[in-house]
Amino acid sequence: MSTVTDAQRMEKIVSLCKRRGLIFQSSEIYGGLNGLWDYGPLGVELKRNLKNYWWRVMVHERDDVVGLDGSILMNRAVWKASGHEDTFSDPMVDCRSCKARLRADQLIDKGKGRQCPNCGGKDLTEPRAFNLMFKTYVGATEDESSVTYLRPETAQAIFVQFKNVLEVSRKKLPFGIAQIGKAFRNEINPRNFTFRSREFEQMELEYFCRAEEGMKLLEYWKDERLKFYENIGIARDKLHVLTVPDEERAFYSKGTYDIEYDFPFGRQELEGVAYRTDYDLSQHQKASGKSLEYFDEETKQKFIPHVVEPSAGVDRTVLALICEAYSEDQAPDEKGKMETRLVLRFHPRIAPIKCAVFPLLKNKEQLVAKAKEIVDLLRPQMFVFYDESGAIGRRYRRQDEIGTPFGITVDFETLGEKDSTLRDTVTLRERDSMKQERVAIKDLPDILVSRIR
Ligand code: GAP
């Protein structure tokens, strides 16, 4: 696909997100704030479905992982010990011509020296370190003693609570602690829609193990995480595994993979899977003076566990899901004339709305009553949407555009007016194939639940 087509595709995706209530610019009526986004009524459902599925697979369906929900603000000592206060920075460059502030790796170099990507100017400052953490003050006094930061990753809460969680969960190595939550980074140049934001969510697992298991578990988690993306509907051939080279890896990591996705704006990281050795727990043990060791009952040895960390971005994955789902095809309109159909082909498991229920006509009381009965029948199991306005074809299209995988239509056959054997049956339409089947109302919960889980 050409760059122009990819750029146009991205434009269409951004505009669909706003038009149908997936993602809005934060503080839009005041001109917005760069790098910050709000999820609308459908976006919040999509995001929740993704997080719930991650939690199901990573915590509920395993015996060796427990959860945590840590605070966003923590003692500043955490960020000193983790190394974030001193080193969590990007090299920043200013363009003296157009005053743009840039990350050094965004400069272009066409063989004639470094240039500003905005104006082509070459009058650039030397790179200097810019710390990405948002600073704030806790309590009434705004001085050095009250400084802390909004967390730039969720992982540190897991490390500093390692001992508490170990004691209450009574887990044996290897075991993991999982967390989903907000993280904040004052990115120099937020861009590509929600891809690089200043406020975002992470889904992180810290999987603690013995040193000798680290490299094997790194492979294991890389494979598990690839399966996860396939299970939410991302095509395997759009996913790539980058082995982070030695010189780009954190000094304490013995191996890191980036799981990347082919976004319309290029191949970019969705998740990092890193073997972080015993670096984090050792740092916190040293700085806090509290033991973070594990006692092995069998060997009677005490040691600091190693850790393998799959760390995924919620917002990036949501964006990948939308990009992956976006498609246009040809379908007949009410009069049989072919028209372009916009469809979000979400996997039913993560689709914001699972099923839409339509009475064929809104002014026919019995049809409306039956349709509402079906809504009540399905609601305890899934998010259902009721729509009675407009021609049925239009109603289908509106649902296709937001990725609703199933549509149920209540028609005169449902009332058994022509053929009593069809009483209490409905048409069940599948979004992608547009195929319709006749199904008994009583069978709907089982059929749909089996397809959306
Ligand atoms: N605890 C390890 C850690 O935070 P990271 O590679 O810096 O590692 C992990 O971040 C994931 O968080 C990334 O793969 C990405 O999905 C997400 N992420 C990081 N910075 C982000 C940003 N500015 N906007 C959106 N997502 C971001």
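Scroll up to find the structure this text is about.
Please read these numbers as outputs of a predicted model, since none were measured by experiment. The written sequence of each chain sets the order in which its residues are numbered from 1. Given that the model is predicted, a residue must reach a pLDDT of at least 70 before its local features are reported, and side-chain atom pairs must reach 80 or more before they are shown or counted; all residues, however, enter totals for whole chains, interfaces and linings. Note: side-chain values were computed over all heavy atoms of the structure, leaving out hydrogens and water.

**Here we look at the overall build of the chain**
For clarity, the threshold we go by: Helix and strand definitions follow DSSP, with helices as H or I runs of at least four residues and strands as E runs of at least two, each counted in order from the N terminus. When accessible area is computed with a 1.4 Å probe and restricted to protein chains, residues below 20% of their type maximum are described as buried, those above 50% as exposed, and intermediate ones as partly exposed. The contact criterion used throughout is that any non-hydrogen atoms of two residues lie within 4.5 Å. The charge count includes Lys and Arg as positive and Asp and Glu as negative, but it does not include His or the ends of the chains. Note that the charge is assigned to NZ on lysines, CZ on arginines, CG on aspartates and CD on glutamates.
Counting its secondary structure elements, the chain contains 12 helices and 25 strands. Projected onto its principal axes, the C-alpha coordinates of the chain cover approximately 80 × 65 × 50 Å. Taken over 453 residues, the chain has a buried fraction of 52%. Taking as baseline every contact in the chain between residues at least 6 positions apart, the subset at least 24 positions apart corresponds to 65%. Averaging the locations of the 72 positively and 73 negatively charged side chains of the chain gives two centres separated by 3 Å.

**Some details on the site of the ligand**
Just so we agree on the cut-off: Nearness is defined per residue: one heavy atom within 4 Å of the molecule or strand is enough. A 3.5 Å cut-off defines polar contacts: any pair of N or O atoms within that distance qualifies, except that in protein one atom must be a possible hydrogen donor and the other a possible acceptor, and neighbouring residues in sequence count only when both atoms are side-chain atoms. Put plainly, a pocket is an open set of points on a 1 Å grid over the protein atoms alone with protein on both sides within 12 Å along at least five of seven lines, a cavity is a set where a 1.4 Å probe fits but cannot get out, and a lining residue has an atom within 4 Å of a point. Put plainly, a molecule is in a cavity or pocket when over half of its atoms are within 2 Å of the grid points there. Any residue outside Ala, Val, Leu, Ile, Met, Phe, Trp, Tyr, Cys, Pro, Asp, Glu, Lys and Arg is labelled polar, Gly included; the first ten of those are nonpolar and the last four are charged.
Neighbouring residues of the ligand: 20 residues in total, closest E153, E187, E204, E269 and L270. Note that a nitrogen atom of the ligand is positioned 2.5 Å from one of the side-chain N or O atoms of E204. In the model, a nitrogen atom of the ligand is placed 2.9 Å from a nitrogen or oxygen of the E309 side chain. More than half of the atoms belonging to the ligand lie within 2 Å of the grid points that define the largest pocket. The set of elements that each furnish at least two residues to the shell around the ligand consists of strand 12 (199–209), strand 15 (266–277) and strand 18 (306–313). Counting residues per element, the shell around the ligand draws most heavily on strand 15, which supplies 5 residues. Residues that form the shell around the ligand fall into these classes: 5 nonpolar, 5 polar and 10 charged.

**Structural notes on the packing of helix 2 (residues 41–60) against helix 7 (residues 214–231)**
What counts is decided by this rule: Axes, fitted as lines to C-alpha atoms, cover a helix only where it is in contact. Angles between the N-to-C directions of the axes lie from 0 to 180 degrees. With respect to orientation, any angle under 35 degrees is reported as roughly parallel, any angle over 145 as roughly antiparallel, any angle of 65 to 115 as roughly perpendicular, and every other angle as oblique. In this scheme, a crossing is called left-handed if the near helix is turned counterclockwise away from the far one by less than a right angle; it is called right-handed if the turn is clockwise.
For the pair helix 2 and helix 7, interaxial distance at closest approach is 12 Å and the crossing angle is 140°. Here helix 7 runs oblique to helix 2, going by the angle between their axes. You can see that helix 2 and helix 7 cross each other, and the crossing is right-handed. Taken together, the residues of helix 7 that come into contact with helix 2 (itself represented by L50, Y53, W54 and M58) are W221, R225, F228 and N231. Across the contact of helix 2 with helix 7, the residue classes tally to 6 nonpolar, 1 polar and 1 charged.

**Comments concerning the packing of aromatic side chains**
Put simply, the test is: For Phe, Tyr and Trp, rings pair up if their centres lie within 6.5 Å, where Trp contributes its six-membered ring, and each pair is then called stacked (planes under 30 degrees apart), edge-to-face (over 60) or tilted (otherwise). Lysine and arginine charges are scored as sitting over a ring when NZ or CZ, respectively, is within 6 Å of the ring centre and within 35 degrees of the ring normal.
Throughout the structure, instances matching the rule amount to 19 aromatic pairs. Geometrically, the ring pair formed by F162 and F208 is tilted, given 4.7 Å between the ring centres and 55° between the ring planes. One end of the pair, F162, is in helix 6 (residues 162–169); the other, F208, is in strand 12, with 46 residues separating them in the sequence. Accessibility assignment for this pair places F162 and F208 in one class, buried. Ring geometry for F263 against F265: centres 4.9 Å apart, planes inclined by 10°, an arrangement best described as stacked. By relative accessible area, F263 is classed as buried at 4%. Residue classification places F265 among the partly exposed positions, given a relative accessible area of 22%. Members of the aromatic cluster, connected to one another through ring pairs, are F159, F162, F175 and F208. Taking NZ or CZ as reference, R225 lies 4.2 Å from the ring centre of F228, over its face. Cation over ring: R429 sits above Y396, and NZ or CZ is 4.3 Å from the ring centre.

**Regarding the pattern of salt bridges**
Rules: Here a salt bridge means any side-chain nitrogen of Lys or Arg lying within 4 Å of a carboxyl oxygen belonging to Asp or Glu.
In the structure shown here, the tally under the stated rule is 41 salt bridges. Across the pair K227 and E224 runs a salt bridge, and its minimum N-O distance is 2.8 Å. Pair noted here: K227 and E224 are both in helix 7, with a separation of 3 residues, about one helical turn. K227 gets classed as partly exposed once you look at its relative accessible area, which sits at 45%.

**A closer look at the sheet that holds strand 21 (residues 355–359)**
So the rule is basically this: DSSP bridges decide pairing: two strands pair if at least two such bridges lie between them.
Across the sheet, 5 strands lie side by side as 22-21-23-24-25; this open sheet has mixed pairing. Two strands in the sheet have a free side with no partner beyond their single neighbour: strand 22 (384–386) and strand 25 (436–440). Averaged over all adjacent pairs, the angle separating strand axes in this sheet is 25°, with direction ignored. Bridge analysis of strand 24 (residues 425–430) against strand 25 gives 5 bridges, and the strand direction is antiparallel.

**Description of the side chain of R196**
Tracing the sequence through the fold places R196 in the loop between strand 11 (175–184) and strand 12. For the buried R196, which has no salt bridge, the nearest side chain bearing the opposite charge is E187, at an N-O separation of 4.0 Å. Sequence-distant contacts of R196, defined by excluding residues within four places in its chain, comprise R103, E187, N189, P190, R191 and R316.

**Here's the deal with the side chain of R349**
Structurally, R349 can be placed in the loop between strand 20 (338–344) and strand 21. Although R349 lies buried, it forms no salt bridge, and the closest oppositely charged side chain, E61, sits 7.6 Å away as judged by the N-O distance. A polar contact of 2.7 Å, which involves the side chain of R349, links it to the backbone oxygen of N231. R349 has contacts with N49, Y53, R56, N231, K354, I452 and R453, leaving out every residue within four places of it along the chain.

**Looking at unusual backbone geometry**
Here the bond from L173 into P174 is cis, since omega is -5°, no more than 30 degrees from zero. Inspection of the secondary structure assignment puts P174 in the loop between helix 6 and strand 11. Although it is not a glycine, K99 adopts a positive phi angle of roughly 70°. With respect to the helices and strands, the residue K99 is situated in the loop between strand 4 (89–94) and strand 5 (101–103). Phi at F193 is positive, roughly 60°, even though this residue is not glycine. With respect to the element layout, F193 can be found in the loop between strand 11 and strand 12.

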